[in-house]
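Coordinate inspection notes
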Amino acid sequence: MTLWPRYLRSGSAIFSTVLLTIVFLTTIIGPFFAPASSLDFIGAPFQGPNAHAWLGTDVLGRDVLSRILQGGYRILGLAAAATALGVLAGILLGMAAGYIKGAVDEIIMRLLDVVLAFPQIILALLFVSIIGPVPWLIVLIVAGFHAPQVARVARAATLRVVEEDYVRFAETIGMPRLRILVQEIFPNIMTPLIVEAGLRFTYSIALIAGLNFLGLGTQPPIPDWGLMINENRIGMATNPWPVVVPVLLIALLTIGTNLLADAIGRAAFGLDRGSRETQPASSDETATVQA
Amino acid sequence: MEDSKSLTHLLGDRPFGRRELLRGAALGGAGLIGASLLPGAVKLAQAATTPKRGGDLRVAITGGGSTDTLDAHTMNTSPDLARVMTLYEGLTTLDTDGKLINVLAESLEPNATATEWIIKLRKGVTFHNGKAFKAEDVAFTFRRIGDPKNPLQGATGLKPVDLDNIQIIDDHTLRVPTKTPFATLPETLSAVYYFGIVPVGYDPKNPVGTGPFKYESFTPGQQSVFTRYDGYWQSGLPYLDSVTIIDSFQNDTAAFNALQGGEVDIYAYATLSLVNQISQGGGLKALVSKPGLYVPFYMRTDVAPFDDVNVRKAFRLLVDRQQLIDQSLNGYGIVGNDVFGRWDPAYDESLVRSHDVDQAKFLLKKSGHENLTVELSSIDLLPGMVQAAQVYAQQAKAAGVTVNIRQLTTDTYYSQYGKWAFTQDYWVYQPYLTVVALATLPTSPYNGTHWNNSRYNDLYNHAQSIVDSSKRAEVIREMQKIDFEEGGLIIPSFNQTIDLMAENVQGFESANTGNALGNFGFAKSWLA
Amino acid sequence: MRRVDQNPLARLLVQRILLGLLSLLLVSIVVFAATQLLPGDAARAVVGRGAAQDRLDALRHQLHLDLPVVTQYWLWLRDFLTGDAGTSLVNGKPVIESVGARISNSFTLLILVVATGIPLAITLGIVAAVRRDRRVDTSLSVIALALAAIPEFVIGIGLIVLFATVVLHWLPPVSMVRPGASVFARPLMLILPVLTLIIAVFPYTFRMIRASMIDVLDSEYVEMATLKGLTRRRIVLLHALPNAIAPTIQAIALTCGYLAGGCVVVEYVFGFPGIGQGLVSAVIARDIPYIQCVVVLLAAFYVVVNLLADLVAILVTPKLRRAT
């Protein structure tokens, strides 16, 4: 792929890759290196760093370091699942819309845009408040938020590709529509979709960590970065680490994935940095087609 | 005066650290002992210098909500408690050492069979509306509480009283006959939050009492304001111009930061871990109470699996009580042994629960409940409650028991009070038999364990007929044995509570009843 | 005055308004469905597992759950439009009462965020556009990208750590306001929540302004001006700034729309008594009428703001833009 040389030359791409690798390693390998169980009590609450607990203890006297090492992979896992699901759904919807077209498609897309661009945290709160903090529900909700935006990108990309010669040719020779979609169209819309997926992943992480922070996601006593930030706020002045470290980790994780997705995007399209997605999604047309 | 046994236990068991000094100081009265030994440590509430008149005290308490009330006889939450204690007084009360003392009553004398009491009232007391306090008001209060058409919270306590035949002998004397022997009437009446005296014609929308402060304004779930009652019977008191109770805070962080920011002067029932923060200076100090408050786990003895006494015993054996105190209360408490009435002179200190996980597992297996899963309906009424639930759940794993915690909101909890199979509640210290009437008889309004033991019930009735307190104590000890062996309560600790306040707040003493601010001693408090 | 159907501008306007109303209706249906229809019996969700049957029945009747779905929706919609947003399940009072005060508090936040955040975005947006692709621009863009990624609660807590509890102790970490008191009673309390929101929305407003400015600077008219020898400064003052009005209004709309959701988490973090915190409390307490009311109000706000933004874009752009 011609992607790589340009990618490697980008400073921010390298930086974000390194950053992400570190965070990912902490998250995924971390649990195996945790010095203590994340559930056992090892001392008085909110003790400062000491020999037994390098980052001190938390609100119930558990080892902060162990809880941090074990508190990330669930967020990543759920975020990955939600992103994959949402992107898949979005691609299917978008390709179908872009290939079949029509006025109905327009109106539906517009309506869905406004409804689903509506602050998602609120809809998430709504659903979780009724059903409860169930993991699969959260994955579904977050995926549901991603699908329209991904669909838009997929649809826009499909619209352009559909005009291409090789597609016209395939239609002329009578290739079944499904085959055209899969063989001709899909491979050529992948690049903007990969970038979009990366951005969606960032947002998944943010939303899921946010729900956990509000107490509507992962429940105690399970260690989770978002939950830890809220649980340990009361003792911030005594032992700040159970709040500060998860804050840093979530920030680094989200910054890393965003920079990376952006770097890939620029490497792929040579795009002006930041010109894509000027808005977090709205009905305004100018923000729609950027890729 | 102090229970010396518990003091030694506290100070002798573990290495002498700052925390131990703190508690030792608290147990020693107004917190002066040891204060000079603590370098840069927590500033304890000092003994008053010369009280200053004037000032508006603002008190933050969490736990309020839609059910907030000013009614003298239907309190629910800790802010309600604070309100009641500013407005009303009872015939008797418990002092800061848990001892029974007279307030609006001068004396209460029983007959030989404990079936009739002669109550003589204090003279010179007036209500906030100027009306003189008389015997007719006491009769009215009792009848209001025990009205069979609308019984209020104290009704159970007054059940033995023959309300229809209360006789007013003169303005300051009452004859109170009882239907069944009721030797502990004075003890029962010491719960001011159930038996606050109100005047004839009392209207809760315009509440009037004899307390040091009178009603000014009230917004449920937000705040209530009380101003000095100049006609208060204790002359010279209160010192403060007004007391405002604010319970709109969403959580402890908000309340604490309001205190730090000078928005409020006191944060009552503060989260225990906050004490460490104020030792670093900043114009704040802590009033640490003596242990007395307790937060029991209720197991419904009429519902599976807790209907099996072996399961109940197992659930009591698996608790590592000291660890629970250390982790959820930051060490602020003493071990409890599943029997209430801690400071009752009749309390049996020989009943000690061991921590025996193996025995617990054995009992569970024996009763066919290996690898049991239960749901604990937890509620955040006081600091440490939710943490205690989490620590318990963690400890239960060692015995193969999985405890799933379901966090309830205050409203949900109270709307189904008494129906939860496995839940928590909080109690302040009251004399043993008073609590029995409230919690462990089939007629008790707060019998969350649905406990009904006929021998136990008989013993209670027998105790109520014994006027001599030491003879009564023997019967109490019998009852406590039953509590200990078969009851549905898990009382892992008697907790200390902490009230954080600005340094200029004076006059509050450390109490062992579990009521904050030294039994809400607003009358004697002042702002320097 | 041409008739509506002949005036393309008016037609577009009407179209957008209708679309907006439709979206609102859709949102109300979604909200209603979520609270009334989802599995996990709404009444039971409020009351809990150990509920007595008669209490459940009473609650179901109160929530109209015993009526057919469409009737329920119609009743709710009718009440809502006539100003009756129902009675809170938590304190038994009309929802509208407590919502009113909260809305004005959140609105104060909004004004402050717009008043400080927008000038910042405009200034930096123009600077970045003028010095496009140079150091200043690339650094600003990277910063914007980074900030866009971070969740707001992380920004909020991060600021608390920095300025209130751990590193420095300049500001109060919580913005609790005494009931009945004005949010301006302690102005210091407002700084951190406002700062959090400004930082959170900055990437989007910045990029929007920057993109607009780049378009203006690329236009032929500006090219002409440059060729004629006008200094960069005059170009900026004479051409860039006037053309900044349209994107500014859009940036304001964007900020407002963003805040509809952003206020939820940020207010919760700081304990600020606004509509967002009200929603979180209602969700935790499962206060269904309250939730329904707040969500629809926020949705209405969001739709109206977007509508206005669209309208401004349509009205202002053809006139002011001097691109060919």
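1. A short note on the overall build of chain A
- The helix and strand tally for chain A stands at 11 helices and 0 strands.
- Counting over 291 residues, chain A shows a buried share of 56%.
- Restricting the contact set of chain A to residue pairs at least 6 apart, pairs at least 24 apart contribute 71%.

2. A few points about the overall build of chain C
- Of the regular secondary structure elements, chain C holds 13 helices and 0 strands.
- Taken from the N to the C terminus, the helices and strands of chain C come in the order α-α-α-α-α-α-α-α-α-α-α-α-α.
- The buried share among the 324 residues of chain C stands at 47%.
- Long-range pairs, those at least 24 residues apart, make up 72% of the contacts in chain C between residues at least 6 apart in sequence.

3. Here we look at the nonpolar core
- The biggest cluster of nonpolar side chains holds 323 residues, and the ones touching the most others in it are Val 59 and Ala 60 of chain B.
- At 17 residues, helix α8 (residues 188-218) of chain C tops the list of elements feeding residues into this core.
- Residues in contact with Ala 60 of chain B, not counting those within four places in the same chain, are Ile 246, Phe 249, Ala 255, Ala 258, Leu 259, Val 264, Ile 266, Tyr 267 and Ala 268 of chain B.

4. Notes on the interface of chain B and chain A
- Contacts between the two partners involve 17 residues from chain B, matched on the other side by 15 residues from chain A.
- Sorting the residues of the side of chain B that touches chain A by element identifies α8 (252-260), α9 (274-278), α11 (321-328) and α13 (385-396) of chain B as the ones contributing at least two each.
- In terms of residue class, the side of chain B that touches chain A is made up of 2 nonpolar, 13 polar and 2 charged.

5. Some thoughts on unusual backbone geometry
- Residues Pro 220 of chain A and Pro 221 of chain A are joined by a peptide bond in cis, for which omega reads 5°.
- Cis geometry marks the peptide bond from Ala 304 of chain B to Pro 305 of chain B, where omega comes out at -5°.
- As for its placement among the helices and strands, Pro 305 of chain B is situated in the loop between β13 (297-299) and α10 (309-317).
- Backbone geometry at Phe 520 of chain B places phi at a positive 50°, although glycine is not the residue there.

6. A word on the interface of chain C and chain A
- Counting from both sides, the interface comprises 56 residues of chain C and, opposite them, 47 residues of chain A.
- Every element with two or more residues in the side of chain C that touches chain A is listed here: α1 (8-36), α2 (42-47), α6 (135-149), α7 (152-165), α8, α11 (245-270), α12 (275-285) and α13 (288-320) of chain C.
- Of the residues forming the side of chain C that touches chain A, the biggest block, 10 residues, is contributed by α13 of chain C.
- Across the side of chain C that touches chain A, the residue classes break down as 43 nonpolar, 10 polar and 3 charged.

7. Overview of the environment of Ala 139 of chain B
Residue and element names in this part refer to chain B.
- Mapped onto the elements, Ala 139 comes out in helix α4 (residues 135-146).
- On the neighbour-count criterion, Ala 139 (17 C-beta atoms within 10 Å) is partly exposed.
- The spatial distance from the C-alpha of Ala 139 to the C-alpha of Asn 515 is 27 Å, given a sequence separation of 376 residues.
- Once residues within four sequence positions are removed from consideration, Ala 139 is found in contact with Ile 166, Ile 168 and Leu 174.

8. A few points about the packing of helix α5 (residues 95-130) of chain C against α12 of chain C
All names here are of chain C.
- Contact pair α5 / α12: the axes reach a minimum separation of 7 Å and the direction vectors enclose 135°. Between α5 and α12, the angle is such that the two are oblique. Contacts from Ser 98, Val 99, Arg 102, Ile 103 and Ser 106 of α5 reach α12 at Ile 275, Gly 276 and Gly 278.
- Here the residues of the contact of α5 with α12 are counted per class, giving 3 nonpolar, 4 polar and 1 charged.

9. Quick notes on α11 of chain B
Residues and elements named next belong to chain B.
- The buried count for α11 comes to 6 of 8 residues, which makes it a mostly enclosed element.
- Among the residues of α11, those classed as buried are Arg 321, Leu 324, Ile 325, Asp 326, Gln 327 and Ser 328.
- Where α11 is buried, its residues touch β14 (333-335), α13 and β19 (493-495).
- At the exit of α11 stands Asn 330, carrying a positive phi of roughly 55°.

10. Focus: the confidence of the model for chain C
Residue and element names in this part refer to chain C.
- Across chain C, the average pLDDT comes to 78, with 82% of residues at 70 or higher.
- The secondary-structure element of chain C with the lowest mean pLDDT is α2, recorded at 54, while α7 shows the highest, at 90.
- Contacts of residues 320-324 to residues separated by more than four positions or lying in other chains number 11 contacts, the stretch itself having pLDDT below 50.
- Reported for the predicted complex are a pTM of 0.80 and an ipTM of 0.83.

11. Focus: the sheet that holds strand β5 (residues 116-121) of chain B
All names here are of chain B.
- One open sheet holds the 4 strands; their spatial order is β4-β5-β7-β6, and the pairing between them is antiparallel. Either end of the sheet is taken by a strand with one partner, and the two such strands are β4 (105-110) and β6 (167-170). Each neighbouring strand pair of the sheet contributes to a mean axis angle of 20°, computed without reference to strand direction.

12. Considerations on the sheet that holds strand β9 (residues 223-228) of chain B
Residues and elements named next belong to chain B.
- Within the open sheet, the 7 strands sit side by side as β8-β9-β10-β1-β11-β20-β12. Their pairing is mixed. Lying at the two open borders of the sheet, with one neighbouring strand each, are β8 (213-219) and β12 (284-288).
- In terms of strand pairing, strand β11 (residues 266-267) meets strand β20 (residues 498-502) through 2 bridges, oriented antiparallel. Within β20, the residue paired with Ile 266 across the bridge is Met 501.
- Against the sheet, helix α3 (residues 78-87) touches β1 (56-60), β8, β9 and β10 (242-246), its axis set at about 165° to β10.

13. Some remarks on the pairing of β8 of chain B
Residue and element names in this part refer to chain B.
- Pairing of β8 with β9 involves 6 bridges; the strand directions are antiparallel. The residue of β9 that forms the bridge with Phe 218 is Ser 224.
- Here β8 folds back onto β9 in antiparallel fashion, the turn holding 3 residues, of which Gly 221 has a positive phi close to 80°.

14. Remarks on the pairing of β9 of chain B
- Judged from the 5 bridges that link them, β9 of chain B and β10 of chain B form a sheet pairing that is antiparallel. In the strand pairing of β10 of chain B, Ser 224 of chain B is matched with Ile 245 of chain B.

What counts and how
Residues numbered from 1 in each chain as written. Chains lettered and ligands numbered in written order. Predicted model: local features only at pLDDT ≥ 70, side-chain atom pairs only at ≥ 80, totals over all residues. Helix = DSSP H or I, 4+ residues; strand = E, 2+ residues; numbered from the N terminus. Buried ≥ 20, exposed ≤ 12 C-beta atoms within 10 Å, placed from the backbone. Contact = placed C-beta atoms within 7 Å. Core = buried A, V, L, I, M, F, W, Y, C linked by C-beta atoms within 7 Å. Nonpolar A, V, L, I, M, F, W, Y, C, P; charged D, E, K, R; others polar. Axes fitted to C-alpha atoms, helices over the stretch in contact; angles between N-to-C directions. Parallel < 35°, antiparallel > 145°, perpendicular 65-115°, else oblique. pLDDT = per-residue confidence, 0-100. Pairing = 2+ DSSP bridges.

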